[in-house]
Amino acid sequence: MNDVDAVLERATFDSAGLLPAIIQQWDTKEVLMLGYMNAEALRRTLTEGRVTFWSRSRQEFWRKGDTSGNVQYVKSAAFDCDDDTLLVQVDQIGAACHTGARRCFDVDPLEPVVGQPVVGSPTT
């Protein structure tokens, strides 16, 4: 679907008017970060070739890389099955995280118990 207005109509924004956007490196499939977009940020992202977010804390738009130089160039975008989450594949230049880490999820790794499928279950 190429018509941006039709895409915006499909999007399911939360009660605050926001849509979570997962940002993924297009070639390595690394999950880089999660940000939020309102309708205008989504419009800008789809039409300008750079990722734009809505800052919940500052209540303003921010385009990744405008101050840091760590730019995200859009390669593709897709809604999930409910149209309430966006996956944006990008070419990330520099770090994605404001801490300077490549990915936001490198900053505080957890150590969960690793699950194992049960032999003979319908999923094995």
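Residues numbered from 1 in each chain as written. Predicted model: local features only at pLDDT ≥ 70, side-chain atom pairs only at ≥ 80, totals over all residues. Heavy atoms only, no water.

In the nomenclature of an unreviewed UniProt entry, the chain is known as Phosphoribosyl-AMP cyclohydrolase of Herbiconiux aconitum. Heading Sequence similarities (unreviewed entry) of the UniProt record for the chain holds this comment: "Belongs to the PRA-CH family." The UniProt entry for the chain carries the following comment under Catalytic activity (unreviewed entry): "1-(5-phospho-beta-D-ribosyl)-5'-AMP + H2O = 1-(5-phospho-beta-D-ribosyl)-5-[(5-phospho-beta-D-ribosylamino)methylideneamino]imidazole-4-carboxamide". (UniProt positions renumbered as here; feature names shortened; annotations may be inferred.)

**Q** Would you take a moment to explain the overall build of the chain for this structure?
**A** Counting its secondary structure elements, the chain contains two helices and six strands. Ordered by position in the sequence, the α and β elements of the chain form the string α-β-β-α-β-β-β-β. Taking the principal axes of the C-alpha coordinates as reference, the chain spans close to 50 × 35 × 30 Å. Counting the 124 residues in the chain, one finds 33% classified as buried. Element-wise, carbon and sulfur atoms account for 52% of the exposed surface of the chain, whose accessible area totals about 7700 Å². (Helix = DSSP H or I, 4+ residues; strand = E, 2+ residues; numbered from the N terminus. Buried < 20%, exposed > 50% of the residue type's maximum accessible area, 1.4 Å probe, protein only. Areas by Shrake-Rupley, 256 points an atom, 1.4 Å probe, with all protein chains shown as cover.)

**Q** Looking at this model, I keep getting lost on the layout of surface pockets. Mind explaining?
**A** With a probe scaled to a water molecule rolled over the atoms, the places where space remains empty come into view. Taken as a whole, the largest pocket holds about 620 Å³ of empty space. Lining the largest pocket are 25 residues, and of these M33, R58, W62, K64 and H98 lie nearest its centre. At the level of elements, β2 (31-37), β3 (52-55) and β4 (60-63) are the ones that each hand at least two residues to the lining of the largest pocket. In terms of residue class, the lining of the largest pocket is built from eleven nonpolar, nine polar and five charged. (1 Å grid on protein atoms, 1.4 Å probe; cavity = no way out; pocket = protein on both sides within 12 Å on 5 of 7 lines; lining within 4 Å. Points joined across faces, edges and corners; volume = space filled by probe spheres on them. Nonpolar A, V, L, I, M, F, W, Y, C, P; charged D, E, K, R; others polar.)

**Q** Before we go on, may I ask you to explain a nonpolar patch on the surface in this structure?
**A** A contiguous nonpolar surface patch, about 390 Å² in accessible area, is contributed by I22, V31, L34, L87 and F105. With respect to the helices, strands and loops of the structure, I22 is situated in strand β1 (residues 19-25). Overall, the relative accessible area of 30% leaves I22 in the partly exposed class. (Patch = residues over 30% accessible without salt bridge, like charges linked within 9 Å, V, L, I, M, F, W, Y side chains within 5 Å. Salt bridge = Lys/Arg side-chain N within 4 Å of Asp/Glu carboxyl O.)

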